[in-house]
Amino acid sequence: MGTAQVCLIGAVMLLGLVGVLTPGVPGTLLCWAAVMWWATREHTSLTWGVLAAATGLLAVVQVVVWLLPPRRIRDSGVTWHTVLVAGSVAIAGFFLLPVLGAVLGFVGAIYVSERVRLGGGHRTAWTATRTAMRAVGGSVLIELLACLIVVGAWIGAVIAG
């Protein structure tokens, strides 16, 4: 597989990560499809193992997200801009401090964004952060972490060989 095709697969995965944060875009499906594209082109036991693990993980995550109680972001007062910024920081945090950085980045970015948006102090921003995490944080964070793990496994497998 050439460098151009690996870069295209990486771009689809990046689009999938952004899609997890964007309503109506099947981000999880895009990440899985990119891994499937890669596995069907490489045909090694490593690629098939990554595809099998990604399929299992993303299937379990879809069931977990489906079982979570439905919440609406509009009812919480948090803007989608805040969620997109938090997701972007979570993606960067995942690569700076694997797994834990995504969670800290997501929650921290919501806190900072809400503190700036509301112009209040710590108490107001923390209340808004808790409301946002109850509204969308759980499902978005679970789905984003799963996709980040899949992307991380793919990157590791590409580097390994």
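1. Some words on the pattern of salt bridges
Then, number 1: This model, assessed by the stated rule, comprises 1 salt bridge.
Then, number 2: The salt bridge partner of R117 is E114, with a shortest N-O separation of 2.7 Å. Of this pair, R117 and E114 both sit in helix α6 (residues 100–118), 3 residues apart, roughly one helical turn.

2. Let's talk about helix α2 (residues 27–42)
Helical geometry note: an α-helix holds 3.6 residues per turn, so side chains three or four residues apart project in the same direction.
Then, number 1: End to end, α2 covers 23 Å across 16 residues, agreeing with the expected 22 Å (1.5 Å per residue, within 8%).
Then, number 2: Residues G27, T28, C31, A34, V35, W38 and A39 constitute the buried set of α2. For α2, the angular spread of buried residues about the axis comes to 130 degrees, placing them on one side.
Then, number 3: Trailing α2 by a residue or two, H43 shows a phi angle of about 55 degrees, which is positive.

3. Observations regarding unusual backbone geometry
Then, number 1: At H43, a position not held by glycine, the phi torsion is positive, near 55 degrees.
Then, number 2: Along the chain, H43 falls in the loop between α2 and α3 (45–67).

4. A word on the state of the cysteines
Then, number 1: This model, assessed by the stated rule, comprises 0 disulfides.
Then, number 2: No disulfide involves C31; its sulfur sits 3.9 Å from the nearest other cysteine sulfur, which is in C147.
Then, number 3: For C147, a relative accessible area of 0% puts it in the buried group.

Parameters and conventions
Per chain, residue numbering runs from 1 following the sequence as it is written. For a predicted model such as this one, the threshold for reporting local features is a pLDDT of at least 70, and the threshold for listing and counting side-chain atom pairs is 80 or more; totals across whole chains, interfaces and linings nevertheless cover every residue. To get the side-chain values, take all heavy atoms of the structure and skip hydrogens and water. Whenever a carboxyl oxygen of Asp or Glu lies within 4 Å of a side-chain nitrogen of Lys or Arg, that contact is scored as a salt bridge. Only DSSP runs of H or I covering at least 4 residues are called helices, and only runs of E covering at least 2 are called strands; the numbering of each starts at the N terminus. Each helix should span, by expectation, one fewer than its residue count multiplied by 1.5 Å. Throughout this description, buried means an accessible area under 20% of the type-specific maximum (1.4 Å probe, protein chains only), exposed means over 50%, and partly exposed covers the range between. Directions drawn from the helix axis to the C-beta atoms are what define this arc. Note on terminology: disulfide denotes any pair of cysteine sulfur atoms within 2.5 Å.

Purely spatial values, then, with no claim about function.
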